[in-house]
Each structure stands twice: as C-alpha cells, then as structure tokens.
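So you can see what is in the structure, the chains are spelled out below.
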Amino acid sequence: MILPVVAYGDPVLKREAEEIDKDYPELKKLIADMFETMYEASGVGLAAPQIGKSIRLFIVDASPFAEVEEGEDPDPMAEGLENFKKVFINPIIEEEKGEEWGFNEGCLSIPKLREEVFRKEKVVLSYYDENWKLKEEEFDGYAARIIQHEYDHVEGILFTDHLSTLKKRLINKKLQNISKGEVEVDYKMKFPARKKQR
Ligand code: NI
C-alpha cells in the first residue's frame, strides 16, 4: 500500500522518534508499505517519520546509484551497492569518521529542492535488521550518505537544517510553498499547510 509522504513543515519531521520493540504491530506490513512508497517516489531512502510515524525505523535501497549508463565508468562511491537494500530498526550511530565531503542531497519530504550538504565519509552504525538481528557495520560512499540522511530523520533533523543561515534564508520561500502544497510532485504527499485538499 502506498502511503502519503509527509511534506516539509509537518511537526512529525522535527520530532525525535521513539524506539520500537518486537511487538510493534504489523511491522512487516509497515516495512513493505514503506518500500512500495519509496519506489513509487523513486527514492533511495525513507524514514518512518516521513510517513507520519515517529518511530526509529528507516529503509534504504541504494542500487540506483550502482546503475552505470552506457559509455560511462562505474562510480567508485557506488561500489558494492548493486543489491544494497536494507532495513534499519532502532539505529545508533556509533562513530562517524573520515573527511567531510559535499553532496547534493534531496529528500522526498522536500520535493524539487537539492542542496549541497557536508558529512563525514564513513559511518559505523548499530541497528536491528528486519529479522531483529543485531548488527554493527561500517558504511562508506553513497551508502553512508543515505544512512546519515535517514538517520537524521529519526532524530528530527532535515538536510536543510545543515545549511548556512544565508542559504536557509534563500530557500525559505520555497520551503513555505512546499508546506502549502505549492509544488509539482508526481507521488502522493500530505501537506501540513495546504488550505483545501484537492
Ligand atoms: Ni529525507
């Protein structure tokens, strides 16, 4: 089932999400719905707050980064991402390391806006997978980048929070328009400040 993606301005996106336990109702269904929602919107990551649930859960499918166009060389940052599809439950960032690098990030909750965000190149994460197996893994390249972005969502942080004061001022009008639903988007969304529903 495709769920509406919550747009910028909804308080759920600014809330620190809660851990869940094995008894969380219909978790398998929720995860399946999140994947369906993410694929429909052509996303590579989706966090539960983005579908209105303030719980520490996010999903990632980084395989689009590993697709190589004809005549192009494979991107070294995408190495090993051909089948990178994962579920992260109750994640904790244990460590971030390496040089900071800039990447033009986007977000399904903030359509049509991309800005360069600087983050460290590696992240060590402990989490439970969809079978409640506890894992600790190190990620780098685009995998690390997506995980850091999605992890921010369960902390109530958006990529726009990382921008300079000047940049924030420059994009403020666009963000207000997004929260009002004044943006062209080809997937299902829920806009917090829309006056009348279409
Ligand atoms: Ni996002």
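That block above? That's the structure.
Residues numbered from 1 in each chain as written. Predicted model: local features only at pLDDT ≥ 70, side-chain atom pairs only at ≥ 80, totals over all residues. Heavy atoms only, no water.

Participant: Before we move on, can you summarise the nonpolar core with the specific residues and values?
Facilitator: The biggest cluster of nonpolar side chains holds 39 residues, and the ones touching the most others in it are Leu-27, Met-34, Leu-57, Ile-59 and Ile-110. Residues within four places of Met-34 in sequence aside, it is in contact with Leu-46, Ala-47, Ala-48, Ile-51, Leu-57, Phe-58 and Ile-59. With 23 residues, the next largest nonpolar core counts Ala-66, Ala-78, Ala-144 and Val-154 among its residues. (Core = buried A, V, L, I, M, F, W, Y, C linked by side-chain atoms within 4.5 Å. Buried < 20%, exposed > 50% of the residue type's maximum accessible area, 1.4 Å probe, protein only. Contact = heavy atoms within 4.5 Å.)

Participant: Which residues make up helix H3 (residues 141–154), and what are the values?
Facilitator: Three or four residues apart is the spacing at which side chains of an α-helix point the same way, because the helix has 3.6 residues per turn. The terminal C-alpha atoms of H3 lie 21 Å apart, and with 14 residues this matches the ideal 20 Å at 1.5 Å per residue to within 8%. Just past H3, the residue Gly-156 takes up positive phi, approximately 80 degrees. (Helix = DSSP H or I, 4+ residues; strand = E, 2+ residues; numbered from the N terminus. Expected span 1.5 Å × (residues − 1).)

Participant: Account for the pairing of strand S4 (residues 85–107), naming residues and giving values.
Facilitator: Note: strand S3 (residues 57–61) against S4, 5 bridges, orientation antiparallel. Looking at the pairing, Ile-59 lines up with Val-87 of S4. Relative to strand S5 (residues 110–128), S4 is paired through 13 bridges, and the arrangement is antiparallel. Counterpart to Phe-103 in the pairing with S5 is Val-117. Between the end of S4 and the start of S5, which pair antiparallel, lie 2 residues. (Pairing = 2+ DSSP bridges.)

Participant: Before we move on, could you go through the pattern of salt bridges and cite the residues and values that matter?
Facilitator: Opposite charge on two side chains makes pairing possible when the charged atoms of those side chains draw close. For the structure shown, the criterion picks out 11 salt bridges. Residues Asp-10 and Lys-190 are paired through a salt bridge, measuring 3.4 Å at the closest nitrogen-oxygen approach. Of the two residues, Asp-10 is situated in the loop between strand S1 (5–6) and helix H1 (27–40) and Lys-190 in strand S7 (residues 189–190); the sequence distance between them amounts to 180 residues. Across the pair Glu-115 and Lys-167 runs a salt bridge, and its minimum N-O distance is 3.3 Å. With Glu-115 in strand S5 and Lys-167 in helix H4 (residues 165–179), this pair connects stretches of sequence that are 52 residues apart. With a relative accessible area of 32%, Lys-167 lands in the partly exposed category. In the salt-bridge network here, residues are joined through shared partners; they are Glu-105, Arg-119, Arg-145 and Asp-152. (Salt bridge = Lys/Arg side-chain N within 4 Å of Asp/Glu carboxyl O.)

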